[in-house]
Amino acid sequence: MAEVDTSGLQVPEDVRLKLAELDLELSEGDITQKGYDKKRQKLLAPYKHTSKVPDVSSPNSEPSPQTSAQRKAQRRLTREDNRYHSEIRTEAVMQALAAHSKKIPVMPLPSKRTSVNYHGQQRQRDSRQESSSDDDSIYDDEANRNFHRGARSRDSGASSSSSFSDVSASPRHSERPRSAAYVKYQIPGNTSRQALADVMQSARHSQHISQPPDVTNNAKSSRQADRVGRGVSSVRVAGNVGMDMDSDSPRHQGKVAAKIQQLMNTLKRPKRKPLTEYFVEEDDALESPPADPNAPKPEGSTLTPVPGDQLVVPSGLPRNLEAALHRYGSSTYKALAVTVLDQNGKPTVNLTYGKLLSKTQKIAYNLLNKVGQKGEVPIKPGDRVALVYPNNDPISFINGFYGCLMAGVVPVPVEVPTSRRDAGGQGVGFMLGSLNVCHALTSEACLKGLSKTANGDVVTFRGWPRLSWLSTDSMSKLPKDWQPPPKTSEDVPAYVEYTTGKDGSTVGVTVTRKGAFCHCQTLTVACNYTEGEVMVCVLDFKRDVGLWHGILCSVFNGMHVIFIPYSLMKVDPASWMKMITKYKASCAIVKSRDMHWGLLAQKDHKDVNFSSLRLLLVADGANPWSLTSCDAFLNAFQSKGLKPEAICPCASSSEALTVSVRRPGRTSSSATGRGILSMQGLSYGVVRVDSENSLTSLTLQDCGQVMPGAVMIVVKIEGAPYLCKTDEVGELCVCAGYAGVQYWGLQGITVNTFQVQPLQSDGRPAAGDKTYVRTGLLGFLGPGGLVFVCGSKEGLMQISNRRHNTDDIIATVLAVEPMKFIYRGRIAVFSIEVLKDERIVIIAEQRPDCPEEESFQWMSRVLQAVDSIHQVGVFCLALVPPNYLPKTPLGGIHLHETRKKFLEGSLHPANVLMCPHTCVTNLPKPREHRPDRDVTPSAVHVGNIVQGARMAWAQGRELNMADEEGDGSRKHQFLTEILRYRAQATPDHNLFTLLNSKHGQTGKAWPPQVQIQLSMSCSQLHKRAERIGCLLMEKGKLNTGDHVALLYPPGIELIAAFYGCLYVGCVPVTIRPPHPQNVTTTLPTVKMIVDVSKSSAIMTNGNIIKLLRTKEAIGVVDVRAWPPLLDSDDLPKKKLTAIYKAPTPEMMCYLDFSVSTTGMLAGVKMSHAAATALCRCVKLQCEFYPSREACLCLDPYSGLGFALWALASIYSGHHSLLVPPSEVEANPAVWLSAVSMYKVRDTFCSYGVMDLCTRGLGTSTAALKAKGLNLSCVRICCVIAEERPRIQLTSSFTKLFADLGLSYRAVSTSFGCRVNIGISFPGAACPEPTTVFVDLRALRNDRVTLVEKGSPHSLCLMESGKLLPGVKVAIANPETKGQCADSHLGEIWVSSPHNANGYFTIYGDDSLHPDHFDASLATGDTQSSYARTGYLGFVRRTELTQSDGGRHDALFVVGSLDETVMLRGMRYHPIDIETSVLRSHRKICECAVFTWTNLLVVVVELDGNENEALDLVPLVTNSVLEEHYLIVGVVVVVDPGIIPINSRGEKQRMHLRDGFLADQLDPIYVAYNM
């Protein structure tokens, strides 16, 4: 193609470049001549008035060096399948994109860490201009400006930290700069009353803090330390805060927030189909939408069976295949049967008919007589034998194939397996196993190339049966008098041909000897084959058309076949045309792909001569898009002698074999046909003629006529085989003597495929006793018996009652400028079922030099093109790196293996674009809350009474004075008095023992030896507390009522400091000290609690004081900003003159500060009376006495954990064994070893500790048991938590350590919250924990529906311990405050003597007190005062009997009201969504969800390589859609340890959200679902 001579024109440089690109497209076959001329004229039209434009397509023009170089460089890349190219389709796509370009908001670009990009994407692109100059770009100028403002100029992800280009470099070990975070203050309880977005928008900012406060964990393990260091946090403080607040400063909007706003703008488009129904719990809500009443319907008459011509077999043909072999092997033994081209394209390897006959006889003799002599299984006639030959060795294959036929053995041709995981190889192995194949024939060269074991035997390939491998090149000679055994019947199997179903399963189609012989006769008649003809075959000779024509028909007619190996075609695509010219071949068997490749080899065209060719059989002529290749090939080579009537498309099927073929040589007008059909009509299964100029039409060519001797019908695709109407698309079925007879060993699907009896519309049989075979091809019959095929069942996708073909989608994708972005022939289109409807998935191989932003723009254009042309949305579009898609043996895309890899998350795409918002239109209608129709609580109460429903309430046993008779401590009201009493009564009784692993031990030491670090008796603790009290009075100069912050690691020193404060009337505030390895992250939290609690001094030890004075700590908080620091390592020796006693028990004992999972810092006031009452309840519930021992392994800073650590032993006198959680992180077995060593009956832990033991000791239980670890002594193993019980974790823990004697009844949970830190607790004489299964769908609608175990959408809930004595709970509607009925979901309200006294606020404002701590029910028990827990749950009366003889009322905690997210009008608990996400992929080690601007954001931690990150996006989206009917808006993939987790093992979701929006997570990938 010549370069345009524009020397005489005033043509701008950009137009010259476009003309050069146009030349290149024409030379590479990416545009037709018509399209080229049209575009060229359009480009040059404005300049024609000045000069005449020379003809750029002149054949005499020579290409410029630049164009030639480009063409040469691109040639290898463009030799892919061009069957789908159509100028009409390209024009339609361009018009659709132009229509979209001005009205669609910009889509946010996914954020990707640089290290995820493969090498071609790691270039700097700063010099690229910010706006696209394409006329048909979807981005207008304004949108482009917004786009680049949101995404900035960086392509490495939504992070402000440095990028990592080395995949192997672990980012977790690098320092990551953090931007300043903001501390937000919010009153607790309010977040449950408003949307999360409103909370974020109304949040105020405090002064800038250099590092965000951390409330996660002080753990020392690598995983927890990661979470501390990397989990950014923003803490809300309870009450009205008085810190400096900048109310006028705007909210910081990061890059992520801007992109989410872009996504919201994109989603403002109305849905294509309105949602029509209210939410209902049945699955009917998700049925596919009803049929379109305006859809076209078939109007023709019912089709009658169409017979083909009568089969008139020419005289003189052989009586069977063996006879043909004998005839030509004897009479024309020197005639060539097979010629194979070598890698240089030379026909060097030949096989004569005489040689074929002799080798065939030798193989047959050896199979029947030599195999089995060395002890292996012998081969008998009728046995199945695998033929395993490479694609470049048809001679060995044809020898083995006919050798099996002669021996009466059934050959099963399969592909050569390799040691790596072959695409589909496992299915082939399963088929061989079902066929009972024990032997495999192969060539000597192939046998040497197979993987071997150490003994030299061929390995057993994955999924394959154990085979005995035989080489057909090294078989012994046969005796002269040997004759093959006679064939007893012609109805026995001749060979088995494998095929693959739509689900990817591999099955074997059985072809009988009679069928194979009839097939050869039919093809001989249809194709006019004669003896001595030369045939060129490019197809796979082991199956389908290549086997039928190149192996069977050729020998049956004594023809000479020239095989072109596929490997040679990739090097020399014109080799088959050269062979036709050289040998004057009359027949050629090709695919449209080979015709396209031949067109590209332009330098070889001058030597081509097709005058001898009478039959050019197009094997994939049933593909509608083969028409383009046929027309282009005819136009190019008609001048070379190619006759139009020689091009003969055919249709074939593995089950029915040849379906139809166009007869060669026929030139009448009725011999061929074309139809221009409406694609919309075809999508409804109706044939409608469209205009030639329509942009959404599909032009079909016929696939010939019905085969001679066969009868064809068309039946409906789904349901019973009713006959279609004449203008209706259905499945083609054939009745012929040559068709396959069964799927070997699969009788069920054999009946549905091979024994079809068509029915009339009234249900009567339409064909008498005839049975038909389904072909799997979709089409219709035209006039004159012409067969038209418009698709296949394998490529059929039925979406919302409309049918779409994968080939049509591929054609549309290729029309969107594919050359710059993807490889043409490497596209996979398939459907997956999501929410009871099929969804389209497109996977393509991306070019390595494709820029990230441009590929994303191209993906966006593809979505719009498919939507406009086909009126259907694409669910997922993914681009993978080059050569990532699984290939078939001949180089095509293995569709089923690609789909399998996509669904299992092992495809590793480079770019993913999900569009669930536009595709999923069958979601149930959002639940609508109608305030005008709200039912009053009194009406609900009356309804419950009328129905006889029991009110939802429960209470623990009564507190009686007689319960503690004989205990001298009962007469004291204060814990200080009880400690002093015990120091006097039992001074040497050990109260606390601090344990750790033996000094110097690591996790490798096994088993861990527990040693005592510190032990303290009653007297020692009393004296220690007195000296600390003196320190506070003398050095601290503190007054009664001052607050003192206690900054200690878990241990006994914390307990002594606590009582030292109480001894002098100070109020202790326990705070977790900063983590030594993460000072900059954890210290701001300490400072905040110290400030908010108004602590007058800080009591700590020398090590922590040194830590606070380090340079790193001073950089965060100036040491002068702290209150006075008191070192408890330097205590005075004086004694207190008097111990302080509060005037009234209602005075404040201590402050309990804790951070909720919503990021809210709240401090509650615990009075002396409440602390003593709590200890009394725990003592009665667990039956604690001074002779008992309890082992604690939890954090002692807040809630029930602190009460058990520091208070319970003082009150009850029992011995507490203290194991800091950090010891378990260093050595997971230390806690259980301590329990076993001391034979502890009662032990308490956190979920974090239980998880560490489950993960760390999963494979070590046998070793622990061998060392004598025994847990049979445990009566109570209780998890201290403020959340729904984690049944999966507790069950795993119980099962794992059952071998060590742990009873399944021992493991249970407790429940507490801010307003009451101890509500339920396992007891010594309590019933077993109750479990129920509830319906998740009902739970979303605030209802409890009990279901059976294993029911769909069921959720298992476990009772949260037993209510403590004196505790009463009621279930109330959180909005109306009316009491709920039994088994109804509501907020848990609690009344008990140890309720907290209220929130601690800086200004002393108690505005929240009446609503949170002194609430009254609107109906039911209206007289009692309750505290509102903020947790949803329900009470259910069980059949179990309590110790008092009454029936047991079980309390079930569902989740925190503040944590729930309201989406689509329904209430979702994050833990339920997260459980579904964790199940979606094995590489997801942790996840968390939150909402932002009504979008659901899912953050997942990837425990794998970064190139696996994008695999998670579709799976996460699918799982949440399927199980929760929610569309995920954003999927964020991060490194392990990013999701912040507090000391109780709870996820800090709001901290994660704030860090995400502030670009501080350094995500691997952020996907914004459209």
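Residues numbered from 1 in each chain as written. Predicted model: local features only at pLDDT ≥ 70, side-chain atom pairs only at ≥ 80, totals over all residues. Heavy atoms only, no water.

### Side note on the environment of F1293
Within the element layout of this structure, F1293 appears in helix α39 (residues 1287–1296). You can call F1293 buried: its relative accessible area is 1%. Not counting the four nearest positions on each side in its chain, F1293 is found in contact with W1231, L1232, M1250, C1253, T1254, C1277, L1302 and V1307. (Helix = DSSP H or I, 4+ residues; strand = E, 2+ residues; numbered from the N terminus. Buried < 20%, exposed > 50% of the residue type's maximum accessible area, 1.4 Å probe, protein only. Contact = heavy atoms within 4.5 Å.)

### Some details on the packing of helix α18 (residues 592–600) against helix α19 (residues 626–637)
Interaxial distance between α18 and α19 falls to 9 Å at its minimum, and their mutual angle equals 40°. Judged by the angle between their axes, α18 and α19 are oblique. As α18 packs across α19, the resulting crossing turns out to be left-handed. Residues S592, M595, H596, G598 and L599 of α18 form the contact with α19, whose own contacting residues are S626, S629, C630, A632, F633, A636 and F637. A per-class count over the contact of α18 with α19 returns 7 nonpolar, 5 polar and no charged. (Axes fitted to C-alpha atoms, helices over the stretch in contact; angles between N-to-C directions. Parallel < 35°, antiparallel > 145°, perpendicular 65-115°, else oblique. Left-handed = near helix turned anticlockwise from the far one by under 90°. Nonpolar A, V, L, I, M, F, W, Y, C, P; charged D, E, K, R; others polar.)

### Observations concerning the sheet that holds strand β11 (residues 468–471)
Spatial strand order, β9-β8-β10-β11: 4 strands in an open sheet with parallel pairing. Two strands close off the open sheet at either side, each with one partner strand: β9 (410–414) and β11. In this sheet, adjacent strand axes meet at a mean angle of 30° when their direction is disregarded. In terms of strand pairing, strand β10 (residues 439–442) meets β11 through 4 bridges, oriented parallel. Bridge pairing in β11 places T442 opposite S471. On top of the sheet, helix α12 (residues 425–434) reaches β8 (384–388) and β9; it is set at about 170° to β9, its chief contact. (Pairing = 2+ DSSP bridges.)

### Notes on the side chain of S1017
Among the secondary structure elements, S1017 is positioned in strand β36 (residues 1010–1017). The residues touching S1017, leaving out its near neighbours within four places in the chain, are P987, D988, H989, N990 and L991.

### Some words on unusual backbone geometry
Working note: non-glycine residues mostly have negative phi, and peptide bonds are mostly trans. The phi dihedral of K1239 falls on the positive side, at around 50°, and the residue is not glycine. In this structure, K1239 sits in the loop between α36 (1230–1237) and β45 (1242–1245). Even without a glycine there, the phi angle at H1353 is positive, about 60°. Note on placement: H1353 falls in the loop between α40 (1336–1340) and β50 (1354–1358).

### A word on the nonpolar core
Membership of the largest hydrophobic core comes to 96 residues, with the highest contact counts inside it found for F401, Y402, L441, Y495, Y529 and I551. Top contributing element to this core by residue count: helix α11 (residues 394–407), with 9 residues. Residues L994, I1028, V1178 and V1367 belong to the second largest nonpolar core, which totals 93 residues. (Core = buried A, V, L, I, M, F, W, Y, C linked by side-chain atoms within 4.5 Å.)

### Overview of the pairing of strand β52 (residues 1368–1372)
Within β52, 4 of the 5 residues are buried, leaving the element largely enclosed by the surrounding structure. When strand β34 (residues 953–955) meets β52, the two strands line up antiparallel, connected through 3 bridges. Opposite A954, over in β52, you have V1369 as the bridge partner. Of the pairings in the sheet, the one linking β52 to strand β53 (residues 1386–1391) comprises 5 bridges and is antiparallel in character. In the sheet register, A1372 faces β53, and the bridge partner there is E1387.

### So, the pairing of strand β39 (residues 1095–1100)
Counting buried residues along β39, 5 of its 6 residues qualify, which places the element largely inside the surrounding structure. In the sheet, strand β37 (residues 1043–1047) pairs with β39 via 5 bridges, with the strands oriented parallel. Along β39, the bridge assignment pairs V1044 with A1097.

### Some points on the confidence of the model for the protein
Averaged over the protein, the pLDDT score is 81; the fraction of residues at 70 or greater is 81%. Confidence drops under pLDDT 50 across residues 50–83; counting only partners more than four residues distant or on other chains, this segment forms 69 contacts. A low-confidence stretch, residues 238–252 (pLDDT under 50), is modelled with 38 contacts involving residues beyond four sequence positions or located in other chains. (pLDDT = per-residue confidence, 0-100.)

### Things to note about α39
Among the residues of α39, those classed as buried are I1287, L1289, T1290, F1293, T1294 and L1296. Where α39 is buried, its residues contact α36, α37 (1247–1256), α38 (1261–1266), β46 (1276–1279), β47 (1307–1309) and β50.

### A word on the packing of aromatic side chains
Under the defined criterion, the tally for this structure stands at 35 aromatic pairs. Residues F397 and F541 carry aromatic rings whose centres are separated by 5.2 Å and whose planes lie at 50° to one another, so their mutual orientation is tilted. Residue F397 is located in helix α11, and its partner F541 is located in the loop between β14 (534–537) and α15 (544–556); the two are separated by 144 residues in the primary sequence. Ring plane angle 25° and centroid distance 5.4 Å describe the contact between F1244 and F1321, whose orientation is recorded as stacked. Of the two residues, F1244 sits in strand β45 while F1321 sits in strand β48 (residues 1320–1321), which places them 77 residues apart along the sequence. If you follow R543 out to its NZ or CZ, it ends over the ring of Y498, 4.7 Å from the centre. (Phe/Tyr/Trp six-rings, centres within 6.5 Å; stacked < 30°, edge-to-face > 60°. Lys NZ or Arg CZ within 6 Å of the ring centre and 35° of its normal.)

### Some thoughts on the packing of helix α27 (residues 975–985) against helix α28 (residues 1018–1034)
Between α27 and α28, the least distance of the axes is 8 Å, while the angle of their chain directions is 130°. As far as their axial angle goes, α28 and α27 are oblique. Crossing of α27 against α28: the hand is left-handed. Residue-level contacts link L979, R980, R982 and A983 of α27 to C1018, S1019, L1021 and H1022 of α28. In the contact of α27 with α28, the residues fall into 4 nonpolar, 2 polar and 2 charged.

### Points about the sheet that holds strand β26 (residues 773–781)
If you trace the 5 strands from one edge of the open sheet to the other, you get β5-β23-β24-β26-β27, paired in antiparallel fashion. Either end of the sheet is taken by a strand with one partner, and the two such strands are β5 (306–307) and β27 (787–792). Bridging between strand β24 (residues 730–735) and β26 involves 4 bridges; their strand directions are antiparallel. By the bridge assignment for β26, V734 is matched with V773.

### Some thoughts on helix α43 (residues 1512–1524)
In a regular helix each residue adds 1.5 Å, so 13 residues correspond to 18 Å; α43 covers 18 Å between its end C-alpha atoms and thus fits that length. Burial analysis of α43 places 11 of its 13 residues in the buried class, which makes it a mostly covered element. Once α43 finishes, Y1525 follows within two positions and takes phi at roughly 60°, a positive value. (Expected span 1.5 Å × (residues − 1).)

### Focus: the side chain of S1095
Tracing the backbone through its elements, the reader meets S1095 in strand β39. Classification of S1095 by relative accessible area gives buried; the value is 10%. Within polar-contact distance, the side chain of S1095 engages the side chain of S1093 at 2.8 Å. If we ignore the near neighbours within four places in the chain, the residues touching S1095 are H1043, V1044, A1045, V1069, V1090 and P1123. (Polar contact = N/O pair within 3.5 Å; in protein donor to acceptor, adjacent residues only side chain to side chain.)

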